[in-house]
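# Topology and contacts: notes
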Amino acid sequence: TEVGIMAFTKQIGTVNSLIAEKAFSWTLFLNELESTVPRNISVMRLQPRSAEGTMTLLGKAISLKDLTRFIIGLEDSQAFEEVFLKDQATDKEGFIEFTVEFKYRSTRQGAQF
């Protein structure tokens, strides 16, 4: 029946998602991210969005120069693509708070969110 086929298709999708999650290496991802983060940048939160394969990163920078260096580092890295600075603002302490979105492109086969 059509209902049975739809339920089976949903189960296959769930299993494929679990396989993809197991293939993803957080250690590799964090090592690659760490190599792009300058000294004066603090990463406050990482939020994967598995359906889109993107990562949202919230952080703080001491200066715009540091934030620019970080964005350029992500763009120049072989591990990340489609880097987009969503917003930035100066907080009351004078730090630059920012949100960046990017896609992770691992060298491992199937290692996406």
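See the structure above.
The following refers to the structure shown. Because the structure is a prediction, the values reported are computed rather than measured. (Residues numbered from 1 in each chain as written. Predicted model: local features only at pLDDT ≥ 70, side-chain atom pairs only at ≥ 80, totals over all residues. Heavy atoms only, no water.)

Below, the discussion takes up the overall build of the protein chain. Of regular secondary structure, the protein chain possesses three helices and four strands. Seen in sequence order, the protein chain has helices and strands lined up from the N terminus as α-α-β-β-α-β-β. The buried share of the protein chain, reckoned over its 113 residues, is 32%. Residue pairs in contact within the protein chain that sit at least 24 positions apart in sequence constitute 57% of those at least 6 positions apart. (Helix = DSSP H or I, 4+ residues; strand = E, 2+ residues; numbered from the N terminus. Buried < 20%, exposed > 50% of the residue type's maximum accessible area, 1.4 Å probe, protein only. Contact = heavy atoms within 4.5 Å.)

Among the nine residues that make up strand β4 (residues 96-104), seven are buried, leaving the element largely enclosed by the rest of the structure. By the bridge criterion, eight bridges tie strand β2 (residues 54-61) to β4 in an arrangement that is antiparallel. Residue Lys60 lies in a different strand from β4, and its bridge partner there is Glu97. For strand β3 (residues 80-90) and β4, the ladder comprises eight bridges, and the chain directions are antiparallel. Paired with Thr90 across the two strands is Ile96, which belongs to β4. Hairpin connection from β3 to β4: five residues lie between these consecutive antiparallel strands, with Gly94 at a positive phi of about 95°. (Pairing = 2+ DSSP bridges.)

The next thing to look at is helix α2 (residues 26-34). Along α2, the residues that are buried comprise Phe29, Glu32 and Leu33. Buried residues of α2, seen end-on, are gathered within an arc of 100° and therefore sit on one face of the element. Of the exposed residues in α2, those oriented more than 90 degrees away from the buried face are Thr27 and Glu34. Residues of α2 that are buried in the fold lie against β1 (41-49), β2, α3 (64-76), β3 and β4. (Arc of directions from axis to C-beta.)

A few words now on the environment of Ile72. The residue Ile72 is located in helix α3 in this model. Each C-alpha atom of the pair Ile72 and Val83 lies 9.0 Å from the other, and the pair is 11 residues apart in sequence.

This part covers the packing of aromatic side chains. The way to describe two aromatic rings as a pair is by their centre distance and the angle between their planes. Tallied over the entire structure, the rule returns five aromatic pairs. Measuring from ring centre to ring centre gives 5.9 Å for Phe70 and Phe98, while their planes differ by 55°; the resulting arrangement is tilted. With Phe70 in helix α3 and Phe98 in strand β4, this residue pair connects regions lying 28 residues apart in the sequence. With a centroid separation of 5.7 Å and an interplanar angle of 45°, the aromatic rings of Phe80 and Tyr104 are classed as tilted. One end of the pair, Phe80, is in strand β3; the other, Tyr104, is in strand β4, and 24 residues separate them in sequence. The class for Phe80 is buried, based on a relative accessible area of 1%. Look at Tyr104 and you get buried, because its relative accessible area is 3%. (Phe/Tyr/Trp six-rings, centres within 6.5 Å; stacked < 30°, edge-to-face > 60°.)

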